[in-house]
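Observations on the model geometry
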Amino acid sequence: MSEFAPSTPAPASSLRRLPKSPSLGATGFLVVFLAPSLVLFTTLVILPMIQAGWYSFFDWNGYGVPENFVGLRNFQQLFGSSVFLTALRNNGLIIAVSVVLQIPLALWLATLVSRRFAGAVFFRAVFFLPFVLADVAAGIIWSFIYDGNYGLVASLGHALGFDPPFLLADKQWAIYAVLVVIVWKYFGFHMMLFIAGLQGISPDYHEAAEIDGASRRQRFLHITLPLLKPTIALSVFFSVLGALQTFDVIMPLTQGGPANSTQSMVSFLYLFGISRMKIGFGSAVGVVLFLMCATFAFAYKKMVLKDE
Amino acid sequence: MRFRIAIAAAAMTFASMLGASAQTTVRMLTPEKNPKINAFWESVIQEYQTAHPDVSIEQQYMSGDAMMAKLPTMLSSSAAPDIFFSWGGGVMRSLSQTGAIKDLTADFDADGGAWRKSYSPAAVDAFSFDGKVWAVPYKLSMINFYYNKDLFEKAGVDGDAIRSWDDFLAAIAKLKAAGITPIAVGAKDKWPVHFYWAYLALREGGSQSFIDAKAKRGDGFKSDSFVKAGELLQKLGEAAPFQRGFEAAGWGETLTDFADGRAAMVLGFSDTPENLPDSATDKKGIGQEKIGMFAFPSVPGGKGDPAETFGGNNAWLVYKDAKPEAVDFLRYATSPANQARYAALNADIPVVASAASEITNPLLKSAAESVGKSPFHQNFLDQDLGPDVGWGVVNQMVVELVTGEISPADAAQQIQDAWDLQ
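Named according to an unreviewed UniProt entry, chain B is Extracellular solute-binding protein originating from Kaistia terrae. Under the UniProt heading Subcellular location (unreviewed entry), the entry covering chain B gives this text: "Periplasm".

Chain A goes by Carbohydrate ABC transporter permease in an unreviewed UniProt entry, where it is assigned to Kaistia terrae. The heading Subcellular location (unreviewed entry) in the UniProt record of chain A holds the text "Cell membrane". The record in UniProt for chain A states the following under Sequence similarities (unreviewed entry): "Belongs to the binding-protein-dependent transport system permease family."

Structure follows, in structure tokens:
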């Protein structure tokens, strides 16, 4: 490469405009600037990942060094565990609800509050508020709301004249109660993404379409939606990865109960791996979770986000 | 100018070196939240530091669950505490087997066993195995039924007369007939339910069935004692004696229900009555004089001695590389005189039998006397059997038993299967 030779014509890219240094070539810059982050990334991300993979072949309680090699037993136990299958199903449910309910809700609200009207900023802030709240705080607040004696649900029940249910105590309904909290907690984030996306759409298109007599519905379907596609794709990406990692909301609400009906993969990892001091088993869950997240992330990037 | 800065820097370095060599810092990790107990520890630390100006004791707080999860990492790092709280049982056993904690036998037996003799033998036994002492005993707790005298009177139940499981079931029926919630329990936390199962098994088969099961002799946790305990627990669940929504209630909500007078009974710790005002919505609650207590009833045909007790035993563990001052400080902190001071707080049961006379709360005193006379004190199973089998499997099974999700035989099988893998 001769970009840095003085004889080259006027450089086009910003990299080429770098002053020629006698000691640092392009590789030199890469080494100097990349090394610190590479070292950090390796010690804080790559190494623990390899470690977890290594631990997943051992029966180990975390004290001392892992010695009891058990091969694939942890993985066998994992896939034979009905609780893990429930957790998988719940994660699937969270993904479905996020994509089918939460994102359309966020999009709808975004189209409402991105218009200029008195109070738009106020509504944006209100809808965004749940997302600002710490997950654990949101969980605790909702556990009060769901309380069958004193919660909002209880008052509602009394007002409407029926015996208030204890939603979180019912293994049929608890997961739906958790889903409501998850949608409530995160729709604001997606709404903000959509507002940003909507503001990037030039009003000229809408104006032109309006002049041509397009209805509001037509404008939404043929202008807003196609132009918002990149944002929606990103939103789905965050939704799925977030759903796979659901944990903080579940712990204060149900701790995975009753009868393990509200476990997610991460709460399963924590309660069946770390709390029980089965670090090897927990690592096996971590490996499976990582593979799922990584497969999804790469596949989605290749197939859906490829244009961006 | 530059010279002066250099002198100042040198002086500061020298001073900090001096400081470092003169001070030994002993770090102590505790999950204690009770302000009374923390005030006690602060004054003990002050006294020790005054007597030993070169030692500084630093207390660090961490919640029990967080401590259990973080200890493995802490103990393999430079952040390892010198002294840390323990519930005994399986975790302590793993810690000793991996050499993470100090063997205290030599310290206990020095001077003709002076230190050892300062505790009741049962307390030292609880933290000894393989013939070695692994911990400094600190306090005991006992699980008993506490009841609301007013609600019992309203339903026509005599709490003092409850001796057998049938008496207990009859009391539940009477309370229900009077429209009173008989028992508050927290099944979200799971462990409050394991008190029932463990006590039922203890009353069924006595200490021997626990000793055999833990030693993997005979049928272990599949033996009749444990299966029958499961059957009785399941029947209790079928009688629906618990508050509505107990499946989603934690221990804190349970205490509030009892403290506010919404439930007639709670199977609680020996320090539960003393802590009740804190749990009450109005910070007063039903009042100490309104709380009665009875021991866990005997079961029909049970072989267990009703004098046997179930509860916790807590101790301090010493890190393998701890400074020698750590052991010396614990010797001072748990001396008979300090145990008497601790007992006077009415916080829990001291590990020196004579100190129990300092307790003034009648319910706590009576529990302390029961433990003092007890021929066998079973530690909480979620501690004793370790976090995997005890906390993980037993606690899960007992909740499924009480809610009718699993048969008593299957639950016993799952517990034994998990224990076999240990």
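All names here are of chain A. Axis separation between helix 3 (residues 82-113) and helix 9 (residues 216-244) bottoms out at 10 Å; the angle between their running directions is 145°. Considering how the two elements wind past one another, helix 3 and helix 9 form a crossing that is right-handed. Judged by residue contacts, N91, I94, I95, S98, V99, Q102, I103, L107 and T111 of helix 3 engage F220, L225, L228, I232, S235, V236, S239, V240, A243 and L244 from helix 9. Its residues assigned to classes, the contact of helix 3 with helix 9 comprises 13 nonpolar, 6 polar and no charged.

Turning next to the sheet that holds strand 1 (residues 24-30) of chain B. Residue and element names in this part refer to chain B. Overall, mixed pairing links the 6 strands, which are arranged 2-1-3-12-6-13 in an open sheet. The sheet terminates laterally at strand 2 (55-61) and strand 13 (349-350), the two strands that pair on one side only. Where strand 1 meets strand 2, 7 bridges bridge the pair, whose relative direction is parallel. Bridged to R27 within strand 2 is E58. Across the sheet, helix 2 (residues 35-51) touches strand 1, strand 2, strand 6 (136-140) and strand 12 (313-318), and the angle it forms with strand 2 is around 165°.

Next up on the list: the domain arrangement of chain B. A common way to state how big an interface is: give the accessible area lost once the parts meet. Residue and element names in this part refer to chain B. Taken as a whole, chain B is organised into domain 1 (24-141 + 312-378) and domain 2 (144-310 + 380-420). Taking only C-alpha atoms into account, the centre of domain 1 sits 27 Å from that of domain 2. Listed as interface residues are 28 residues of domain 1 and, on the opposing side, 28 residues of domain 2. For the pair domain 1 and domain 2, the summed buried area comes to about 2100 Å², and 55% of that belongs to carbon and sulfur atoms. Three residues, L363, F376 and Q378, lead the burial of domain 1 against domain 2; their summed loss comes to 36% of the area buried on that side. Scanning the region where domain 1 abuts domain 2 turns up 2 salt bridges. A salt bridge links R93 to D384, with the shortest nitrogen-to-oxygen separation between them at 3.3 Å. Summed over the shared surface of domain 1 and domain 2, the number is 13 residue pairs in polar contact (both at pLDDT 80 or more). Those elements that provide at least two residues to the side of domain 1 that touches domain 2 are helix 4 (89-97), helix 15 (362-373) and strand 14 (377-379). Tallied by class, the residues present in the side of domain 1 that touches domain 2 amount to 12 nonpolar, 13 polar and 3 charged.

Right, let's talk about the pairing of strand 6 of chain B for a bit. Residues and elements named next belong to chain B. Counted residue by residue, strand 6 has 5 buried out of 5 residues, so it is predominantly covered. By the bridge criterion, 4 bridges tie strand 6 to strand 12 in an arrangement that is antiparallel. Its bridge partner being in strand 12, L140 is matched across the sheet by N313. As paired elements, strand 6 and strand 13 share 2 bridges and run antiparallel to each other. Across the sheet, residue K139 finds its bridge partner in strand 13, namely P350.

A few words now on helix 3 of chain A. Taking 1.5 Å of rise per residue, the 32 residues of helix 3 of chain A would be expected to cover 46 Å, and the 44 Å separating its terminal C-alpha atoms lies within 8% of that figure. The axis of helix 3 of chain A is deflected most strongly, by about 35°, at S98(A).

A separate point is the confidence of the model for chain B. Considering every residue of chain B, the mean pLDDT works out to 90; 95% of them sit at 70 or more. Confidence over residues 12-21 of chain B falls short of pLDDT 50; this stretch has 0 contacts with residues more than four positions distant or in other chains.

The next subject is the UniProt feature "domain: ABC transmembrane type-1" (unreviewed entry) in chain A. What UniProt calls "domain: ABC transmembrane type-1" (unreviewed entry) maps, in this numbering, to residues 88-300 of chain A. When the span residues 88-300 of chain A is considered, its composition is 75% helix and 0% strand, and the gap between its end C-alpha atoms is 20 Å.

Next up on the list: the confidence of the model for chain A. All names here are of chain A. For chain A, per-residue confidence averages 88 on the pLDDT scale, and residues scoring 70 or more make up 92% of the total. Looking at the elements of chain A, mean pLDDT is at its lowest for helix 6 (residues 152-160), recorded as 88, and at its highest for helix 7 (residues 174-199), recorded as 95. Contacts of residues 1-12 to residues separated by more than four positions or lying in other chains number 10 contacts, the stretch itself having pLDDT below 50.

As recorded in UniProt, the sites labelled "transmembrane region" (unreviewed entry) are residues 24-50, 93-113, 125-145, 173-199, 220-244 and 279-300 of chain A. End C-alpha to end C-alpha, residues 125-145 of chain A measures 22 Å, and it is 90% helix and 0% strand.

Residue and element names in this part refer to chain A. On the surface, a nonpolar cluster with roughly 660 Å² of combined accessible area is contributed by L40, F41, L44, V45, M49, F290 and L291. When contributions to the nonpolar patch are tallied by element, the ones reaching two or more residues are helix 1 (26-55) and helix 12 (279-303). Per-element accounting of the nonpolar patch gives the leading share, 5 residues, to helix 1. Mapped onto the secondary structure, F290 falls in helix 12.

With that out of the way, let us pick up unusual backbone geometry. Residues G257(A) and P258(A) are joined by a peptide bond in cis, for which omega reads -15°. Here K190(B), not a glycine, exhibits a phi torsion of approximately 65°, which is positive. Within the fold, K190(B) resides in the loop between strand 8 (181-183) and helix 9 (191-214). A relative accessible area of 17% places K190(B) in the buried class.

Counting 142 residues, the largest nonpolar core has F84(B), F168(B), Y196(B), W197(B), L233(B), M265(B) and F329(B) as its most contacted members. Sort the elements by how many residues they give to this core and helix 9 of chain B lands first, with 11 residues. A domain-level breakdown of this core finds at least three residues from each of domain 1 (24-141 + 312-378) and domain 2 (144-310 + 380-420) of chain B. For F84(B), the contacting residues outside a window of four places in its chain are L29(B), M67(B), L71(B), L75(B), L95(B), I101(B), A315(B), W316(B), L317(B) and Y319(B). Membership of the second largest hydrophobic core comes to 45 residues, among which are F127(A), I201(A), L228(A) and A297(A).

This part covers the pairing of strand 10 (residues 291-294) of chain B. Residue and element names in this part refer to chain B. Along strand 10, one buried face is formed by I291 and M293 and the opposite face, lined by G292 and F294, is buried too. By the bridge criterion, 4 bridges tie strand 7 (residues 144-148) to strand 10 in an arrangement that is antiparallel. Each residue of the ladder has a partner; that of Y146, found in strand 10, is M293.

About the thresholds
- Residues numbered from 1 in each chain as written.
- Chains lettered and ligands numbered in written order.
- Predicted model: local features only at pLDDT ≥ 70, side-chain atom pairs only at ≥ 80, totals over all residues.
- Heavy atoms only, no water.
- UniProt positions renumbered as here; feature names shortened; annotations may be inferred.
- Axes fitted to C-alpha atoms, helices over the stretch in contact; angles between N-to-C directions.
- Helix = DSSP H or I, 4+ residues; strand = E, 2+ residues; numbered from the N terminus.
- Left-handed = near helix turned anticlockwise from the far one by under 90°.
- Contact = heavy atoms within 4.5 Å.
- Nonpolar A, V, L, I, M, F, W, Y, C, P; charged D, E, K, R; others polar.
- Pairing = 2+ DSSP bridges.
- Domains from an automatic or database assignment.
- Buried area = accessible area lost by both parts, 1.4 Å probe.
- Salt bridge = Lys/Arg side-chain N within 4 Å of Asp/Glu carboxyl O.
- Polar contact = N/O pair within 3.5 Å; in protein donor to acceptor, adjacent residues only side chain to side chain.
- Buried < 20%, exposed > 50% of the residue type's maximum accessible area, 1.4 Å probe, protein only.
- Expected span 1.5 Å × (residues − 1).
- Bend = angle between axes of the 7 residues up to and from the residue.
- pLDDT = per-residue confidence, 0-100.
- Patch = residues over 30% accessible without salt bridge, like charges linked within 9 Å, V, L, I, M, F, W, Y side chains within 5 Å.
- Areas by Shrake-Rupley, 256 points an atom, 1.4 Å probe, with all protein chains shown as cover.
- Core = buried A, V, L, I, M, F, W, Y, C linked by side-chain atoms within 4.5 Å.

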